[in-house]
Every structure is written in structure tokens, then in C-alpha cells.
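Geometric and topological summary
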Amino acid sequence: MAFRKDFLWGGATAANQCEGAYDVDGRGLANVDVVPHGKDRFPVCLGDLKMLECDADHYYPAHGAIDFYHHYKEDIALFAEMGFKTFRMSLAWTRIFPNGDETEPNEAGLAFYEDVFRECKKYGIEPLVTITHFDCPIHLIKEYGGWRNRKLIDFYKNLATVLFTRYKGLVKYWLTFNEINMILHLPFMGAGLVFEEGENREEAKFIAAHNELVASAWATKIAREIDPDAMIGCMLAAGTYYPYSCRPGDVRAAQLDNQQNYFFVDVQSRGYYPAWALKKFEREGIDVGMTDEDKQILAENTVDFISFSYYSTRCSAGVDNPDVERTQGNAFAGAKNPYLQESQWGWAIDPMGFRITLNDMYDRYQKPLFVVENGLGAKDVVEEDGSINDDYRIDYLRQHIQAMRDAVTEDGVDLMGYTSWGCIDLVSASTGEMSKRYGFIYVDRDDAGNGTLKRSKKKSFDWYKKVIASNGEDLS
Ligand code: BG6
């Protein structure tokens, strides 16, 4: 048998991309609620355009999303039908602390998640919970400047304490921050950063990164004190950088890109900053505000496992190779790899790169890995009879699961589980579209928010069910 007997097969979502109900039961406003669909989305996500309120001129897809808030029983029943062993979801911080800096939590928010976890448990589905998935209360951005302010470490500690206490025995697997490296690419999404004119952006991003890393280590410590059975993981937007060619300049560029990408997990897994980062800070005059206590907390509270998303590899070209074609993929611009096909959104498709990435990460950290996102965003067509024949999605997943199997059986990578991204169609993080669909379950909603929200099974639904039932042996 390729995969462990207790391999955690399942699917993944994020609160802001599926819950909707953004203003009910005491929930406060968060960064993700003010990110519109349309041309302003990217500048807002980058922290270039300050939009901390909603207005009538924009459509905000997170407000309604797929209304998981009111459909969770139906959705979890469908996950159970596919045989999910785990369901990855995230919490909306503002359901629990509407402003983020209160001392007492909002009971309605806590009760909602408790109901969701109990519903999962009813079917033997283990919740895998991301504490923050591109999620920061607006109040913390307006009052404190987001994660560039150390005070957020204390607010996050308070959140973590409440969560681990309340959900002890219900939730075993926790991830502290989704794609923590996204701070460097989409700083408003990753850390609630909006840049001021003339601000040293590089310094602001690394200060925010430091504060999140320290908060993550504190959460790990708190979890272990409250619930010794809890398993805490970090989460990285992974994908190895290939050198565009064997020119030394390209190889060096890839090395630098890989170092920067692994920076976060280096700290979360090893407990200290990599040498190159300390040199960079020294050279560029960056002061992240490291205290002796920070150093100790980071060193003593490394993660139990390493989770990551994988959509594609990336390609790096040195400055001596300026004419390469550029491509866009999950906020990571890079050189276009001429050997790879791309998705409808220009993301390179590279199953072998998945095996390479799994090996790179396991070689580097020697801790159990967990693939918590992978999948194909594609436009689906609903046929007259209501069927959705997403063979392209099945092909993509088949090739990637095969590559993952090779990494386990041939290369010995220790892998805990696999949750495919957007197991039910949800709002795209990068574009705000509904039409960029990843799901096994179709949701009738369009890019402007119209539709009945009716759920229906795609062809891939039964295929994935078979994959899980055979523990990854039958990919036909
Ligand atoms: C990851 C995020 O970056 O990729 C998810 O953790 C996101 O939130 C996923 O949805 C796919 O990206 P997109 O832009 O296609 O939704």
C-alpha cells in the first residue's frame, strides 16, 4: 500500500471564500471583506490602494460567497459521501473577536464553529483548522496598522487561547497562518498591510513576517499547554523555483528565490532565522524588532508538521538573462517555463514538479508533510441534463496524486494527507471570480453573485470518492 492506512484524504476551503454571511451574528469586518472583484482587487491585495470600507461602486464576493454559513450541513454531508477523512477549513477571526482586540469572545461565532466541527465528527471527518487564512480584522488594520504592529501578537495569542480551550478534543490538527509567505507577495491579504507614501516596504513586510512568526510560535506553545494531543503545522505556498537555464545567473536567481520562499518555514521548523536573512537585514538596515524572548519562543516551539499548497513550480531568470517571457501564477510572477502547459489562468501545470517539491521539502525539514491545497481552477460547463463533465480536472488530479504517490513509495517522503483545494466551488482568492472553479461539487453562483446556490456533483465527485475508497490505489 502506497499511502499510510490513516492517510487523511479530504478537501480544503477558507472562511472568507465560502462562508458568506459576513455581517451576521456579531461578525466584524475583515480585510477580506473589503477586497472587491474587478480591477481594484489586485492593488488592494498588494496594499497599494487603501480601501478599508465597502462602497456601492464595488462588488465584494466574500460577503455572500457560497453561503457555507447556512449550508454547512448539506456540504459536509456531501464531503462525507465522498469519503473525506478530513476537512480543511479556516475560522473568521472577526466571528470570534469582531474587532480583534477584545478580551471576551463572541459566543455566537464560537458556537457556529463548534457546530461545524460536531457535524464533521458525526461522519468521522477530522477537522483541519487554519486559524487565519488571509484574514485580519479591519479594526486591527485601522487602529494598529495590521501585522507591522507587535500588539497583534498578543491579540493572536488571545485568539489562540480561546480556540484551543474551546475546541480541545474536537480539533486535533491546526495550522497557524495560511500561506504565510504570501505576506511578501500580497501584503494586504497576508498581513493587513496598507503602505504609506515613502514607507520602506521591504522592512514593513519583514516586520509583519517576524510578528506572524512569533505569534505562530506562541500559538504552538499555547496549544501544547492546553491540549497535548494537538498537532500544529505551518503552511507555505510552495512550488520549487527552477533555474530558467543552466547559466549560473539563472541558477543563482533560483537559489535566492527558493531561499526567500523557504524563509518562513525555516524559522517555523528550525526555530531560528537563516543566515542569509540576517545578512540581508544587516545590509538593508532592516530591524524586525527581535527580542530575546522572541528568540527563545521561536527556538522552543517549532511545528509538528509542515503543510503546503502546491499548484505549480516557478522559474527564475538572472539579470544576465533579461529577455525571458514572464508569466503569472498565484501572485508569483516569474519566467515562463516553455516545457509546461498552462491552466486557463496561466498557471503552469507540472505534476513532476509536485514530486520535486515534496522531495525538496522533506529533504530540507525531515518532518511529516501535509499537502493541504492542490487543484485545477477551470471554467466548468453545465450540460442540458445538468451534468458537469470535468475530465480535465480528473486528469490534473490523477497526475498530481500519482506524482505524490511516487514521492511516497519511491522516494520515502513521509506524508500525512492530501486535501484538494476548493473541494466545493468557492470564490477565487486572486481574482474574486466564482468561474475559476476547483470543486468536485458545483455551486450555482456567478461572478456577479447571481445564482441559486444549488449544489450539484461533478463527474470528478465519484472519481475522487473512488480514489479515497482505494486509499489512492485506484486513480483510473
Ligand atoms: C492559495 C490560497 O493561494 O491558492 C487559496 O491559499 C486560494 O486561498 C488558492 O484560493 C487558489 O488560488 P485562486 O486565486 O485560484 O483562488
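Analysis parameters
Residues numbered from 1 in each chain as written. Predicted model: local features only at pLDDT ≥ 70, side-chain atom pairs only at ≥ 80, totals over all residues. Heavy atoms only, no water. UniProt positions renumbered as here; feature names shortened; annotations may be inferred. Helix = DSSP H or I, 4+ residues; strand = E, 2+ residues; numbered from the N terminus. Rg over C-alpha atoms; globule rule 2.2 N^0.38 Å. Buried < 20%, exposed > 50% of the residue type's maximum accessible area, 1.4 Å probe, protein only. Contact = heavy atoms within 4.5 Å. Areas by Shrake-Rupley, 256 points an atom, 1.4 Å probe, with all protein chains shown as cover. Lys, Arg positive; Asp, Glu negative; His and termini not counted. Charge placed at Lys NZ, Arg CZ, Asp CG, Glu CD. Near = heavy atom within 4 Å. Polar contact = N/O pair within 3.5 Å; in protein donor to acceptor, adjacent residues only side chain to side chain. Nonpolar A, V, L, I, M, F, W, Y, C, P; charged D, E, K, R; others polar. Phe/Tyr/Trp six-rings, centres within 6.5 Å; stacked < 30°, edge-to-face > 60°. Lys NZ or Arg CZ within 6 Å of the ring centre and 35° of its normal. Axes fitted to C-alpha atoms, helices over the stretch in contact; angles between N-to-C directions. Left-handed = near helix turned anticlockwise from the far one by under 90°. Pairing = 2+ DSSP bridges. Expected span 1.5 Å × (residues − 1). Bend = angle between axes of the 7 residues up to and from the residue.

Under an unreviewed UniProt entry, the name given to the protein is 6-phospho-beta-glucosidase, and the organism recorded is Collinsella aerofaciens. If you open the UniProt record of the protein and go to Sequence similarities (unreviewed entry), you find "Belongs to the glycosyl hydrolase 1 family."

Description of the overall build of the protein
Helix and strand counts for the protein come out as 15 helices and 14 strands. Taken over the C-alpha trace, the protein has a radius of gyration of 21 Å; the compact-globule value for 476 residues is 23 Å, and the two agree within 12%. Oriented by its inertia axes, the alpha-carbon framework of the protein measures out at about 60 × 55 × 50 Å. In the protein, which comprises 476 residues, the share counted as buried stands at 62%. Long-range contacts, defined as pairs at least 24 residues apart, comprise 76% of the intrachain contacts of the protein with a sequence gap of at least 6. As displayed, the protein has an accessible area near 17800 Å², and 49% of this comes from carbon and sulfur atoms. When the 52 positive and 73 negative side-chain charges of the protein are each reduced to one mean point, those points stand 3 Å apart.

Focus on the site of the ligand
Close to the ligand lie 15 residues; Q17, E179, E373, S430 and Y438 are nearest. Residue Q17 places a side-chain N or O atom 2.7 Å away from an oxygen atom belonging to the ligand. A distance of 3.0 Å is found between an oxygen atom of the ligand and a side-chain nitrogen or oxygen belonging to N178. Contact with the protein chains covers 99% of the free accessible surface of the ligand, which is 370 Å². Here the shell around the ligand is composed, by residue class, of six nonpolar, six polar and three charged.

Let's talk about the packing of aromatic side chains
Under the definition given, this model contains 34 aromatic pairs. Measuring from centroid to centroid gives 4.8 Å for F117 and Y167, while their planes differ by 85°, and the two rings are edge-to-face. Taken as a pair, F117 in helix α5 (residues 107-122) and Y167 in the loop between α7 (151-166) and β4 (173-177) lie far apart in primary sequence, 50 residues in all. Look at F440 and Y464: their rings are 4.4 Å apart centre to centre, the planes differ by 10°, and that puts the pair in the stacked class. Remark: Y464 occurs in helix α15 (residues 459-469) and F440 occurs in the loop between β12 (415-421) and β13 (441-443); sequence separation between them is 24 residues. The exposure class assigned to F440 is buried, which follows from its relative accessible area of 0%. Accessibility expressed as a relative area gives 0% for Y464, which makes it buried. In this arrangement the basic side chain of K157 is found over the ring face of W218, its NZ or CZ atom lying 3.5 Å from the centre. Of note, K436 hangs over the ring of W347, and the distance from its end group to the ring centre comes to 3.7 Å.

Let's talk about the packing of helix α10 (residues 248-270) against helix α13 (residues 351-365)
Angle between the axes and distance between the axes are the two parameters that describe a pair of packed helices. Taken N-terminus to C-terminus, the directions of α10 and α13 make an angle of 40°; their axes are 11 Å apart at the nearest point. Classified by chirality, the crossing of α13 by α10 is right-handed. Listed contacts from α13 to Y262, V265, D266, S269 and R270 of α10 are D360, M361, R364 and Y365. Taken together, the residues of the contact of α10 with α13 sort by class into four nonpolar, one polar and four charged.

Some thoughts on the pairing of strand β2 (residues 86-90)
Every other side chain in a regular strand lies on the same face of the sheet, so the side chains alternate between the two faces. The buried fraction of β2 amounts to five of the five residues, a majority that puts the element mostly inside the structure. Taking every second residue as pointing to the same face, both faces of β2 are buried, with T86, R88 and S90 on one and F87 and M89 on the other. As defined by bridge partners, strand β1 (residues 8-12) adjoins β2 across three bridges and the pair is classed as parallel. Pairing of G11 across the sheet is with F87, part of β2.

Comments concerning helix α3 (residues 68-82)
Between its terminal C-alpha atoms α3 stretches only 18 Å, short of the 21 Å expected from 15 residues at 1.5 Å a residue. If you look at α3, its biggest bend is around 40°, right at E74. Those residues of α3 lying buried are F68, Y69, H71, Y72, D75, I76, L78, F79 and M82. A positive phi of about 90° marks G83, the residue just after α3.

What about the side chain of T220?
Looking at the secondary structure, you find T220 in helix α9 (residues 201-226). Overall, the relative accessible area of 0% leaves T220 in the buried class. Among residues more than four places away in sequence, those in contact with T220 are I232, N301 and T302.

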